[in-house]
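Geometric and topological summary
Spelled out, the chains give:
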2 protein chains.
Amino acid sequence: MGKEQVQAITKMEEDFTQWYTDIVKKAELIDYSSVKGCMILRPHGYALWENIQKVMDEKLKETGHENVYMPMFIPESLLQKEKDHVEGFAPEVAWVTHGGSEELAERLCVRPTSETLFCEHFSKIVQSYNDLPKLYNQWCSVVRWEKTTRPFLRTTEFLWQEGHTIHETAEESQQETLNILNIYASFCEEYLAIPVIKGQKTEKEKFAGAKATYTIESLMHDGKALQTGTSHNFGTNFTEAFDIKFLDRNGKWQYAHQTSWGVTTRMIGALIMVHSDNNGLVLPPKIAPTQVMIVPIAQHKEGVLEKAAELQTRIQKVARVKMDASNKTPGWKFNEYEMKGVPIRLEVGPKDIEKNQVVLVRRDTKEKEIVSLTELEERITTLLDDIQQSLFEKAKVFREEKTYIATTFEKMKQVAEEKQGFIKAMWCGNLSCEEKLKEEVGVTSRCMPFEQEELAKHCVCCEKDAKHMVYWGKAY
Amino acid sequence: MGKEQVQAITKMEEDFTQWYTDIVKKAELIDYSSVKGCMILRPHGYALWENIQKVMDEKLKETGHENVYMPMFIPESLLQKEKDHVEGFAPEVAWVTHGGSEELAERLCVRPTSETLFCEHFSKIVQSYNDLPKLYNQWCSVVRWEKTTRPFLRTTEFLWQEGHTIHETAEESQQETLNILNIYASFCEEYLAIPVIKGQKTEKEKFAGAKATYTIESLMHDGKALQTGTSHNFGTNFTEAFDIKFLDRNGKWQYAHQTSWGVTTRMIGALIMVHSDNNGLVLPPKIAPTQVMIVPIAQHKEGVLEKAAELQTRIQKVARVKMDASNKTPGWKFNEYEMKGVPIRLEVGPKDIEKNQVVLVRRDTKEKEIVSLTELEERITTLLDDIQQSLFEKAKVFREEKTYIATTFEKMKQVAEEKQGFIKAMWCGNLSCEEKLKEEVGVTSRCMPFEQEELAKHCVCCEKDAKHMVYWGKAY
């Protein structure tokens, strides 16, 4: 509720950033707090996260992962144990220096990620190959001290899940890393209706301390890329630093092989920037907290509210449904639930009751249809499926249209200047070319996709032999 | 797994504190971390919290509460807005002073509780009686800098839910405060099988900033009391400090009426200290992560593992069941799942298969019974119910036996010296008597129970007229 909601939001074509900010505020996903860079997740925003959590948690448990909870603090000396890791994270952590009125002997950082804590624990509980694998996950919040923040996309504190596993062999840890990436990808496509590119990060873009980082990348309305989830294979980088050894099947001491992986509330940012429009949020039915909103018409008239309640009871069996019987006008309610992205609006008034029908309105296409009450549950079920499918297809078409190919440096520069989207181009594998593309073209490598194509023989930047096809782009 | 498990644990009669510590470690509920006072919740410990969360979250949603997420940091100036509150919490908060390499202009504390953040948010989103009530809850961790810590009972960081609501009238906020206390009480009794005393805290023991605090108190094996959940009515203490006003039905500005309430991972400490024994953890079936553990006997023999797997599939429909087909000995497995508190062990070997039967062993009483396979699901269902009921009854009898009455100061002193348990005694309502009882008898007021009795006309401490019957005791 609130006065703001009936006001129009900024059009995305006019000011994409303001459009985004308007949506997160007016759909009541978030509010700002007095702590810079930290956001309040309001009921509608948190319910989205809960739905993401529910599905993801099931998928992780089905594949043998167990949830744990690690402390939110990491002693400075522990953070420093793996040198690439501390270099990557130390500049952006929050430091606790006092407990009550006493200064601490050693500073504690608020976890930016928990590899070091998991490693310390693994080193205590793993002795033999019998103790492996350990497939752990935790749901928590982490803190990274960011200079510039935007709701969901980059906030000082954010919610996520972080998985941490250790294994007997290099093959197993590699398999786990890729299995998780596939879980993330199918979740994005099936539930969030967001098509993703799966691939590997370059050395420059990989996680601090990882041997290899894999990613799913998706394309936003404005043509910018968003890293939507990552999965890291650490090899033995951390297990050597933390001395996590086990007696193998031949009675020899070996370092364990390790992975970590995570998705965050950022996914909600992707949801907004892939599906929403100038009337507000558009939510895929599978993730929408409310799938059908019943708005009674002329609700003061006899029988209307009773009928609406009766329909709610019927629909409950096939969908997440609510009724708004408040004294706001139907028009106000239409706007409110459009803004909040409820996939189907159901209108029922005296005339509909007479004719034994209701009106269904799709949020995504605004299409209206009259449905006989005898077909209600069936139609709602198929309509929700249709909406889910059609949002995915639309996003896929959009991404294809916004994916360009460049085989020369000039062409790449031109595309980057004139178009917004992914650019596919060949790369020699050298950091210098990656840096030149960033400086002179303004794009970063998003990933080396698993589905490689040979667009040319030579690197788009230098004349050396090409080693990989890379997706390049501007990114959040 | 691990070597420690087959070793016996300290007997509770010998050293209750060590018994408790042995259980939390050897049942693999927790591990210590390198941050003093913070614990690691291992899979078995975290699964207990997840089960508590699941039920409690449903109960809160059914009663109209919505989940949100507030930042983990509170600016010092915000914490100071309500004076009793800051006095209560400032001495025990962790202070963040640096973000990355920069010193912050204002210190941030890691939330010890989130009243101030909720108030700041409420003041922005509430304008009229139409906006009320707001019934919010959040699941998160909080930090209180404790000098002496014990797993689950008192830790620097702990997990909890904190509810925060605001209402139009004083009656509504009082009703909410008591409704929640009832939800907590019935959850404890029905799910955790822990009988509780419901009552009000004295002025001295109430929450910093509250008008009234209500509590559920339970009695541990060692005769000490544990505050297991609290619900606070703030009246307008915070809403005045934070200027949370709304236009009422008569068009006048009013301060909103507020509540807050919470339960924590402490409940797991209560579970242990109410039900467990010298063989390890005992878990009420309704909250046990695994309710039935299948241990195949002579599992190398033909048909045993297949039969065990077949039984698992059958039992899955009525209970949370697992099978341990590892190469550990049956004896080792028996000890392991006794230690971990699995309510029913199912043994099945070649002889049982021949006779079309299995052996069921209750964790709580160690009773063994032979059950025909034709009655398997039915018997498991009734047995789980029996165990749940009988744990509750046993705890209730224990509490009644350990509840004493004192009508004179001398008698009270004597009981407190000789016995361990609750002492019911009359009180005049004066702080001086409460303080004298603490200093000279060593007990604190646990609560003024809703079910009052007139044990005497006069205060047990002074000779003034008694106003309340109070439960007194030593407490965690």
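Residues numbered from 1 in each chain as written. Chains lettered and ligands numbered in written order. Predicted model: local features only at pLDDT ≥ 70, side-chain atom pairs only at ≥ 80, totals over all residues. Heavy atoms only, no water.

**Some points on the pattern of salt bridges**
Scanning all chains against the criterion turns up 58 salt bridges over all chains. Between Lys204(A) and Glu205(A) there is a salt bridge, and its shortest N-O distance comes to 3.4 Å. Lys204(A) gets classed as partly exposed once you look at its relative accessible area, which sits at 32%. Here Glu205(A) falls in the partly exposed class, since its relative accessible area comes to 25%. With its nearest N and O atoms 2.8 Å apart, the salt bridge here joins Glu217(B) to Lys201(B). Within this pair, whereas Glu217(B) is found in strand 10 (residues 212-219), its partner Lys201(B) is found in the loop between strand 9 (197-200) and strand 10, the two being separated by 16 residues in sequence. (Salt bridge = Lys/Arg side-chain N within 4 Å of Asp/Glu carboxyl O. Buried < 20%, exposed > 50% of the residue type's maximum accessible area, 1.4 Å probe, protein only. Helix = DSSP H or I, 4+ residues; strand = E, 2+ residues; numbered from the N terminus.)

**Focus: the interface of chain A and chain B**
Contact with chain A, which involves 57 residues of that partner, is made by 58 residues of chain B. Joining chain A to chain B, the criterion identifies six salt bridges. Taking the shortest distance from any N to any O, the salt bridge between Lys147(A) and Glu102(B) comes out at 3.4 Å. Our count for the contact surface shared by chain A and chain B stands at 27 residue pairs in polar contact (both at pLDDT 80 or more). A total of six residues in the side of chain A that touches chain B trace back to one element, the largest contributor, which is strand 5 (residues 94-99) of chain A. (Contact = heavy atoms within 4.5 Å. Polar contact = N/O pair within 3.5 Å; in protein donor to acceptor, adjacent residues only side chain to side chain.)

**With respect to unusual backbone geometry**
Residues and elements named next belong to chain A. Across the junction of Leu132 and Pro133, the peptide omega takes the value -5°, indicating a cis bond. Here Pro133 lies in the loop between helix 5 (115-125) and strand 7 (134-143). The residue Glu28 is not glycine, and still its phi comes out positive at about 60°. Tracing the backbone shows Glu28 in the loop between helix 1 (16-26) and strand 1 (30-32). The backbone phi angle of Lys366 is positive, close to 65°, even though this residue is not glycine. As for its placement among the helices and strands, Lys366 is situated in the loop between strand 18 (357-362) and strand 19 (368-372). Since its relative accessible area comes to 34%, Lys366 is described here as partly exposed.

**Comments concerning the relation of the copies chain A and chain B**
The transformation that overlays chain A on chain B combines an axial shift of 0.0 Å with a rotation of 180°, and the residual RMSD is 0.0 Å. Taken together, the rotation angle and the small translation identify this as a two-fold axis. Residue Val96(A), judged by its C-alpha, is the member of chain A lying nearest the rotation axis, at 2.1 Å. A symmetric contact is evident, with 100% of the interface residues of chain A recurring at the interface of chain B. (Least-squares fit on C-alpha atoms with pLDDT ≥ 70 in both.)

**Considerations on the UniProt feature "domain: Aminoacyl-transfer RNA synthetases class-II family profile" (unreviewed entry) in chain A**
Here, UniProt's "domain: Aminoacyl-transfer RNA synthetases class-II family profile" (unreviewed entry) annotation points to residues 41-284 of chain A. For residues 41-284 of chain A, the helix share is 32%, the strand share is 32%, and the end-to-end C-alpha distance is 19 Å. (UniProt positions renumbered as here; feature names shortened; annotations may be inferred.)

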